[in-house]
Amino acid sequence: GQSLEQPSEVTAVEGAIVQINCTYQTSGFYGLSWYQQHDGGAPTFLSYNGLDGLEETGRFSSFLSRSDSYGYLLLQELQMKDSASYFCALAYGGSQGNLIFGKGTKLSVKP
Amino acid sequence: GAVVSQHPSWVICKSGTSVKIECRSLDFQATTMFWYRQFPKQSLMLMATSNEGSKATYEQGVEKDKFLINHASLTLSTLTVTSAHPEDSSFYICSALYRRNQPQHFGDGTRLSIL
């Protein structure tokens, strides 16, 4: 089977940088995705790593190391609106096909 | 672009009622749609994968006779929770795949409360 582990909660202050780690166990997958979900809302796509290395999208970056079964999401210049839950997800059936989500990390950004 | 509309956003009904949830891709054709369930403070759990014109593929542990999925067109998939009970109360979210290697686009979810 597949499993993903990520911290349940992270707290940081505005303007700071925070890294949310995701370790996984799987027999095979296409890539690792990251989604943001505000309370009561739908998940929104943030980033995808199909290959090892760093992907940068504005204030958000994501990293994947298949040899270490590890990835992370890096959020820079934190803003209050970044307070949300962040999920890593393993992608099967094509790079964005079936997704297996981690349990999520609740990020709280303090003033 | 790539907007997914889910309706209704909130349903409260009595135990034993069947509830239908619609998921529409508004500005693109989605050959594949996914249905997820999310309990409070938990992760999204994939329930089934719906392909237009064919039977849905259900994940292990999901009762296909209880959660009926129909994907009759390239822009519409429906999930019917039959004879719903309080334990079916959850947040149901659909997503649609625009292209095979593009991110899934999620609907806003349906909060189902069974009394």
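Conventions adopted
- Residues numbered from 1 in each chain as written.
- Chains lettered and ligands numbered in written order.
- Predicted model: local features only at pLDDT ≥ 70, side-chain atom pairs only at ≥ 80, totals over all residues.
- Heavy atoms only, no water.
- Helix = DSSP H or I, 4+ residues; strand = E, 2+ residues; numbered from the N terminus.
- Rg over C-alpha atoms; globule rule 2.2 N^0.38 Å.
- Buried < 20%, exposed > 50% of the residue type's maximum accessible area, 1.4 Å probe, protein only.
- Areas by Shrake-Rupley, 256 points an atom, 1.4 Å probe, with all protein chains shown as cover.
- Contact = heavy atoms within 4.5 Å.
- Buried area = accessible area lost by both parts, 1.4 Å probe.
- Salt bridge = Lys/Arg side-chain N within 4 Å of Asp/Glu carboxyl O.
- Polar contact = N/O pair within 3.5 Å; in protein donor to acceptor, adjacent residues only side chain to side chain.
- Patch = residues over 30% accessible without salt bridge, like charges linked within 9 Å, V, L, I, M, F, W, Y side chains within 5 Å.
- Pairing = 2+ DSSP bridges.
- Axes fitted to C-alpha atoms, helices over the stretch in contact; angles between N-to-C directions.
- Disulfide = S-S within 2.5 Å.
- 1 Å grid on protein atoms, 1.4 Å probe; cavity = no way out; pocket = protein on both sides within 12 Å on 5 of 7 lines; lining within 4 Å.
- Points joined across faces, edges and corners; volume = space filled by probe spheres on them.
- Nonpolar A, V, L, I, M, F, W, Y, C, P; charged D, E, K, R; others polar.

Asks: Could you give me a rundown of the overall build of chain A, with the residues and numbers involved?
Replies: Counting its regular elements, chain A contains 0 helices and 11 strands. In chain A, the order of α-helices and β-strands from amino to carboxyl end is β-β-β-β-β-β-β-β-β-β-β. Its C-alpha atoms give chain A a radius of gyration of 13 Å, near enough to 13 Å, the size a compact globule of 111 residues would have. For chain A, the proportion of its 111 residues judged to be buried stands at 50%. For chain A, the computed accessible surface area is about 5100 Å², with 49% contributed by carbon and sulfur atoms.

Asks: Requested: an account of the interface of chain A and chain B, with residues and values cited.
Replies: Chain A puts 19 residues into the contact, and the matching count from chain B is 21 residues. Between chain A and chain B, a total of about 1400 Å² is buried, with carbon and sulfur atoms accounting for 56% of that surface. There are 0 salt bridges connecting chain A and chain B. Summed over the shared surface of chain A and chain B, the result is 2 residue pairs in polar contact (both at pLDDT 80 or more).

Asks: Please set out a nonpolar patch on the surface residue by residue, giving values where relevant.
Replies: Residues and elements named next belong to chain B. A contiguous nonpolar surface patch, about 390 Å² in accessible area, is contributed by Trp10, Ile12 and Leu115. Mapped onto the elements of the fold, Leu115 is located in the segment after β11 (110–114). Residue Leu115 is classed as exposed on the basis of its relative accessible area, which comes to 64%.

Asks: For the sheet that holds strand β7 (residues 67–73) of chain B, give the residues involved together with the corresponding values.
Replies: Residues and elements named next belong to chain B. The 4 strands are arranged β1-β3-β8-β7 in an open sheet whose pairing can be described as antiparallel. Edge positions in the open sheet fall to β1 (4–7) and β7, since each of these has one partner strand only. Within the sheet, the average angular offset between the axes of one strand and its neighbour, ignoring direction, is 15°. Across 4 bridges, the pairing between β1 and strand β3 (residues 19–25) is antiparallel. Note that in β3 the partner of Val4 across the bridge is Ser25.

Asks: Lay out the state of the cysteines with the relevant residues and their values.
Replies: Residues and elements named next belong to chain B. Counted by the stated rule, this structure contains 2 disulfides over all chains. The partner cysteine of Cys23 in its disulfide is Cys94, sulfur to sulfur 2.0 Å. When the S-S torsion is 80°, as for the bridge of Cys23 with Cys94, the disulfide is right-handed. Linking Cys23 in strand β3 with Cys94 in strand β9 (residues 90–97), this pair joins segments that are 71 residues apart in sequence. Given the relative accessible area of 0%, Cys23 is considered buried. With a relative accessible area of 0%, Cys94 lands in the buried category. Note on Cys13: no disulfide assigned, nearest cysteine sulfur contributed by Cys94 at a separation of 18 Å.

Asks: Please provide a residue-by-residue account of the layout of surface pockets, values included.
Replies: A volume near 550 Å³ is recorded for the largest pocket. Residue assignment for the lining of the largest pocket shows that the elements contributing at least two residues are β1 (3–5), β9 (84–91) and β11 (105–110) of chain A. Each residue belonging to the lining of the largest pocket can be placed in one class, and the counts come to 6 nonpolar, 11 polar and 7 charged. Taken as a whole, the second largest pocket encloses approximately 430 Å³ of empty space. Lining the second largest pocket are 21 residues, with A:Ile100, A:Phe101, B:Leu44, B:Met45 and B:Leu46 positioned closest to its centre. The set of elements that each furnish at least two residues to the lining of the second largest pocket consists of β1 and β10 (99–101) of chain A together with β5 (44–51) of chain B. Of all the elements, β5(B) adds the most residues to the lining of the second largest pocket, at 4 residues. When grouped by side-chain class, the residues that make up the lining of the second largest pocket number 9 nonpolar, 7 polar and 5 charged.

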